Amino acid sequence: MQTIRMDMTDGVDPGQIRLAGRILREGGLVAFPTETVYGLGGNALDPAASGKIYAAKGRPSDNPLIVHIAETGALERITARVPQIAGKLADAFWPGPLTMIFHKSGCVPMETTGGLETVAVRMPAHEAALELIRQGGGYVAAPSANTSGRPSPTKAAHVLQDLDGKIDAVIDGGEVGIGIESTIVDLTDEVPTILRPGYISQDMLREVIGEVRMDRGLSAMDPAVRPKAPGMKYRHYAPRAPLVIVEGSQEAVTALINERAQKALARGEQVGIIASQESAAGYTGGIVKSVGSRSNEITISMHLYSILREFDGLDVSEIYSESFDTPRMGQAIMNRLIKAAGHQVIQA
Ligand code: TXA
Ligand code: MG
């Protein structure tokens, strides 16, 4: 299959987006930009289309998809009931990087929800995505548009690295603005529960609806406590070389990583280093990449996945990363980084 690249880096192209919508309505797959990461879209109400999404990604079929909508009214058809707090959250954060989980209605196929009786729904804040959803029939199932286990794509080139020839089209909307996936909040529990941290923080949700919990499975080092979002249990975003996170004061972290880099050099190996703009110059060996600035945390989330992908193309024996426990998005950033590191965190 030839994957069509639709260039919309300068805005939505009406002819192309109509074609993309038709591909979806006819059961095909179109990757598209959102404000978080690129999604791999198929008609959410068509079990065969969902099947194609799992096949293209090589994704385990028990890992449910998020249904993307373009207006809040679209919730009615796919949910069994919409709790009042959902309306408040939609008013506050949609379109935007928030996914809500509801009890599903009969018209959402089990193929889309990975066999669950609940459905995850999100309205993305991206013009091309919203127009594609409208043209594509109103309900677009979309996981991140990467091969299962690789970092989520933050530009169209990443989508093509993984899925060229396996999908009908990709809409190129340039680089995304946030870079890590949406916050997921489960509204089917007694107390709303965050299943995946993201740009919308626990505090932001609390301001709108009061009590909000964190899924215990998220922070658990105990493998017996399983995360509630099936996808969170898989080792995601794993770079090819082992990744180690180093915590501590900046001086100690720099010293420890420099020492490891020297040792690697003595063995004839090269390490990769993920640093911040502020600290990058302190490293004396290895391949250093600055992910972003600590004083502007979104620059860190925006570039994290793309840097992990870049290291896959380089000959490094291991990768050391600073910790990025920044004030607002730190929890979301570290959730992704710790998973990429397979929980390898050391103290400097
Ligand atoms: O920002 C995003 O959310 C991106 C863009 C494309 O919208 N999408 C995305 O989808 O990250 P995906 O498939 O990579 O991640 C979806 C996560 C998985 O961890 C999945 O297990 C969880 O959402 N999920 C989906 N439906 C669920 C449900 N009914 N109950 C619990 N978890 C669910
Ligand atoms: Mg994903």
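Further up the page is the structure itself.
These numbers come from a predicted model, not from an experiment.

K.L.:
How should the overall build of the protein chain be read in this particular structure?
P.N.:
Scanning the protein chain for helices and strands turns up 11 helices and 16 strands. Expected size for 348 residues packed as a compact globule is a radius of gyration near 20 Å; at 20 Å, the protein chain falls within 12% of this value. Each of the 348 residues in the protein chain was classed as buried or not, and the buried ones make up 56%. At a minimum sequence separation of 6, the contacts of the protein chain that also span at least 24 residues come to 68%. For the protein chain, the accessible area works out to roughly 14100 Å², and carbon and sulfur atoms hold 49% of it. Mean positive and mean negative side-chain charge positions of the protein chain (34 and 40 charges, respectively) differ by 4 Å.

K.L.:
What is the right way to look at the sheet that holds strand β1 (residues 4-7) in this model?
P.N.:
In a beta sheet, neighbouring strands pair by backbone hydrogen bonds and run either parallel or antiparallel. Taken in spatial order, the 11 strands of this open sheet run β1-β8-β2-β3-β7-β4-β6-β5-β9-β10-β11, and their pairing is mixed. Whereas interior strands pair on both sides, the edge strands pair on one side only; in this sheet they are β1 and β11 (213-214). Strand direction decides the pairing type here: strand β4 (residues 66-68) and strand β6 (residues 118-122), joined by 3 bridges, are parallel. By the bridge assignment for β6, I66 is matched with A120. The strands that helix α1 (residues 14-25) touches are β1, β2 (30-32), β3 (39-43), β7 (140-141) and β8 (169-172); relative to β1, the one it contacts most, it runs at about 140°. Helix α6 (residues 156-163) contacts β1, β2, β3 and β8 of the sheet and is inclined by roughly 160° relative to β8.

K.L.:
Would you take a moment to explain unusual backbone geometry for this structure?
P.N.:
Peptide bonds are trans in most cases, and residues, glycine excluded, mostly fall at negative phi. A cis amide bond links W94 with the next residue in sequence, P95, at an omega value of -10°. Structurally, the position occupied by P95 is in the loop between α4 (84-93) and β5 (98-103). With a phi angle near 70°, H343 is a residue other than glycine that sits in the positive phi range. Its location among the elements puts H343 in the loop between α11 (330-340) and β16 (345-347).

K.L.:
Would you mind showing me how to read the pattern of salt bridges here?
P.N.:
Pairs may arise between side chains of opposite charge once their charged atoms sit close together. What the rule picks out here adds up to 17 salt bridges. Of the charged contacts, one joins D162 and R309 as a salt bridge, the two residues approaching to 2.9 Å between their closest N and O atoms. With D162 in helix α6 and R309 in helix α10 (residues 297-312), this pair connects stretches of sequence that are 147 residues apart. Taking the relative accessible area as the measure of exposure, D162 reaches 7% and is therefore buried. A salt bridge links E181 to R336, with the nearest nitrogen and oxygen atoms 2.9 Å apart. Of this pair, E181 sits in the loop between β8 and β9 (183-186) while R336 sits in helix α11; the two residues are 155 residues apart in sequence, bridging distant segments of the chain. Residues E181 and R336 agree in their burial class; the two are buried. Here the residues in one salt-bridge network are R150, D162, R309 and D312, joined through shared partners.

K.L.:
Would you explain the site of ligand 1 in this entry?
P.N.:
The full set close to ligand 1 counts 28 residues, and T36, N63, H68, S182 and G231 are the nearest of them. One of the side-chain nitrogen or oxygen atoms of T36 is found 2.7 Å away from an oxygen atom of ligand 1. Out of a free accessible area of 680 Å², ligand 1 has 97% covered by protein chains. Those elements that provide at least two residues to the shell around ligand 1 are β4, β6 and β10 (193-196). Per element, the largest residue contribution to the shell around ligand 1 is 4 residues, and it comes from β6.

K.L.:
What is the right way to read α6 from this model?
P.N.:
In an α-helix, one turn spans 3.6 residues; hence positions three or four apart end up facing the same way. Of the positions making up α6, those classed as buried are A156, H158, V159, D162 and L163. The buried residues of α6 occupy an angular sector of 155° when the element is viewed end-on, so they sit on one face. Following α6 by one or two positions, G165 adopts a phi angle in the positive range, close to 90°.

K.L.:
Which parts of the structure should I look at to understand the environment of N296?
P.N.:
Summarising the element assignment, N296 is placed in the loop between β14 (287-290) and α10. For the pair N296 and T326, spaced 30 residues apart in sequence, the C-alpha to C-alpha distance is 9.2 Å.

K.L.:
Would you take a moment to explain the nonpolar core for this structure?
P.N.:
Here is a general trend for soluble globular proteins: nonpolar side chains tend to be buried in one another's company. Counting residues in each nonpolar core, the largest one holds 60 residues, and the members touching the most others are I69, M100 and I171. The leading source of residues in this core is helix α5 (residues 127-135), at 5 residues. Setting aside residues up to four positions removed in sequence, M100 forms contacts with A86, L89, A90, W94, V119, A120, V121, V185 and L187. Formed by 25 residues, the second largest nonpolar core is a distinct cluster that contains I178, L243, M334 and A341.

What counts and how
- Residues numbered from 1 in each chain as written.
- Chains lettered and ligands numbered in written order.
- Predicted model: local features only at pLDDT ≥ 70, side-chain atom pairs only at ≥ 80, totals over all residues.
- Heavy atoms only, no water.
- Helix = DSSP H or I, 4+ residues; strand = E, 2+ residues; numbered from the N terminus.
- Rg over C-alpha atoms; globule rule 2.2 N^0.38 Å.
- Buried < 20%, exposed > 50% of the residue type's maximum accessible area, 1.4 Å probe, protein only.
- Contact = heavy atoms within 4.5 Å.
- Areas by Shrake-Rupley, 256 points an atom, 1.4 Å probe, with all protein chains shown as cover.
- Lys, Arg positive; Asp, Glu negative; His and termini not counted.
- Charge placed at Lys NZ, Arg CZ, Asp CG, Glu CD.
- Pairing = 2+ DSSP bridges.
- Axes fitted to C-alpha atoms, helices over the stretch in contact; angles between N-to-C directions.
- Salt bridge = Lys/Arg side-chain N within 4 Å of Asp/Glu carboxyl O.
- Near = heavy atom within 4 Å.
- Polar contact = N/O pair within 3.5 Å; in protein donor to acceptor, adjacent residues only side chain to side chain.
- Arc of directions from axis to C-beta.
- Core = buried A, V, L, I, M, F, W, Y, C linked by side-chain atoms within 4.5 Å.

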